[in-house]
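Here is how the chains run, residue by residue.
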Amino acid sequence: NAGVMQNPRHLVRRRGQEARLRCSPVKGHSHVYWYRQLPEEGLKFMVYLQKENIIDESGMPKERFSAEFPKEGPSILRIQQVVRGDSAAYFCASSGVRNQPQHFGDGTRLSIL
Amino acid sequence: KNEVEQSPQNLTAQEGEFITINCSYSVGISALHWLQQHPGGGIVSLFMLSSGKKKHGRLIATINIQEKHSSLHITASHPRDSAVYICAAEPNTGNQFYFGTGTSLTVIP
């Protein structure tokens, strides 16, 4: 399967811990997008990265959240000092060029105890 | 007001029925996307369209740019079509996609 791979599929953290969500895009894709889906709500854009660069992080909360897409390895969405309200499904998508259809991963379901 | 509005929110149909899901958007777009999210949570891109009509199997997507409206049609619906269908507007400026809240479709055998 050469699709977008996200791991872990499920992640449980206690309040105050750190959560790291990984996304390996489709091979050859250099554009990565992160989205959050809160319970009973629609998907919301968080951040758009293009190899080693953050292009648009207008949807990211200003504190505790960060994202990277290094030259080698997967894209990482990092949430520090998690709170209950961070519980959500986090989806990653990738595309080869900016205006091509995005391929989505299966998401990481984050639960905060 | 959301940039993308979908209707209906929930839809139940008998197997074989013709189904229509509607999407209206208020932003200028470079493309309109239809996505499918299955109960397990994975998301699949069904269509990306900027004008006219596209067809893939039993699925048809149309868009009217002047009216800022798109529809997703499913012909001869089947229980395996049961999923949440999401409309997403790709704006012609900026990078942020705007998503509808989804239409939950259940097709009964």
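Concerning the pattern of salt bridges
Residues and elements named next belong to chain A. As enumerated under the stated definition, the model contains five salt bridges over all chains in all. Across the pair Arg20 and Glu18 runs a salt bridge whose closest N-O atoms are separated by 2.9 Å. Judged by relative accessible area, Glu18 falls into the partly exposed class, the value being 28%. Taken together, the shared-partner salt bridges connect Glu18, Arg20 and Arg78 into one network.

Some thoughts on the sheet that holds strand E1 (residues 4-7) of chain B
All names here are of chain B. The strand order across the open sheet formed by five strands is E1-E3-E8-E7-E6, and the pairing between neighbours is antiparallel. In this open sheet, the two strands that pair with only one neighbour each are E1 and strand E6 (52-56). Sheet twist, expressed as the average angle between the axes of neighbouring strands with direction ignored, equals 15 degrees. For E1 and strand E3 (residues 19-25), the ladder comprises four bridges, and the chain directions are antiparallel.

Section: the pairing of strand E7 (residues 65-68) of chain A
Residues A:Phe65 and A:Ala67 point to one face of E7(A) and are all buried, whereas A:Ser66 and A:Glu68, pointing to the other face, are not buried. Linking two consecutive strands that pair antiparallel, namely E7(A) and strand E8 (residues 75-79) of chain A, is a turn of six residues; a positive phi of about 100 degrees is found at A:Gly73 within it.

Re unusual backbone geometry
The omega torsion of the bond from A:Asn7 to A:Pro8 falls at 0 degrees, within 30 degrees of zero and hence cis. Examined against the element boundaries, A:Pro8 turns out to sit in the loop between strand E1 (5-7) and strand E2 (10-13). Phi is positive for B:Lys68, which is not a glycine, with a value near 55 degrees. Here B:Lys68 shows up in the loop between strand E7 (59-64) and strand E8 (69-74). Its relative accessible area of 30% is what places B:Lys68 among the partly exposed residues.

Some points on the state of the cysteines
Residue and element names in this part refer to chain A. In the structure shown here, the tally under the stated rule is two disulfides over all chains. In this model Cys23 forms its disulfide with Cys92; the gap between the sulfur atoms is 1.8 Å. A torsion of -55 degrees about the S-S bond marks the disulfide between Cys23 and Cys92 as left-handed. Of this pair, Cys23 sits in strand E3 (residues 19-24) while Cys92 sits in strand E9 (residues 88-95), placing them 69 residues apart in sequence. Exposure remark for Cys23: the relative accessible area of 0% places this residue in the buried category. Residue Cys92 is classed as buried on the basis of its relative accessible area of 0%.

Quick word on the packing of aromatic side chains
Throughout the structure, instances matching the rule amount to six aromatic pairs over all chains. With a centroid separation of 6.3 Å and 70 degrees between ring planes, the pair formed by A:Tyr35 and A:Phe45 is classed as edge-to-face. Here the residue A:Tyr35 occupies a position in strand E4 (residues 31-37), and A:Phe45 occupies one in strand E5 (residues 43-50), the gap between them amounting to 10 residues. Given a relative accessible area of 0%, A:Tyr35 falls into the buried group. The buried category is assigned to A:Phe45, whose relative accessible area is 4%. Feature note: the residues A:Tyr33, A:Tyr35, A:Phe45, A:Tyr48, A:Phe104, B:Phe97 and B:Phe99 constitute an aromatic cluster, connected by ring pairs.

Here we look at the interface of chain B and chain A
Opposite the 18 residues of chain B that make contact, chain A presents 21 residues. Per-residue buried area on chain B facing chain A is highest for B:Ile43, B:Asn95 and B:Phe99; these three make up 38% of the total on that side. Linking chain B with chain A are zero salt bridges. Summed over the shared surface of chain B and chain A, the result is one residue pair in polar contact (both at pLDDT 80 or more).

What counts, and where the lines are drawn
- Residues numbered from 1 in each chain as written.
- Chains lettered and ligands numbered in written order.
- Predicted model: local features only at pLDDT ≥ 70, side-chain atom pairs only at ≥ 80, totals over all residues.
- Heavy atoms only, no water.
- Salt bridge = Lys/Arg side-chain N within 4 Å of Asp/Glu carboxyl O.
- Buried < 20%, exposed > 50% of the residue type's maximum accessible area, 1.4 Å probe, protein only.
- Pairing = 2+ DSSP bridges.
- Helix = DSSP H or I, 4+ residues; strand = E, 2+ residues; numbered from the N terminus.
- Axes fitted to C-alpha atoms, helices over the stretch in contact; angles between N-to-C directions.
- Disulfide = S-S within 2.5 Å.
- Phe/Tyr/Trp six-rings, centres within 6.5 Å; stacked < 30°, edge-to-face > 60°.
- Contact = heavy atoms within 4.5 Å.
- Buried area = accessible area lost by both parts, 1.4 Å probe.
- Polar contact = N/O pair within 3.5 Å; in protein donor to acceptor, adjacent residues only side chain to side chain.

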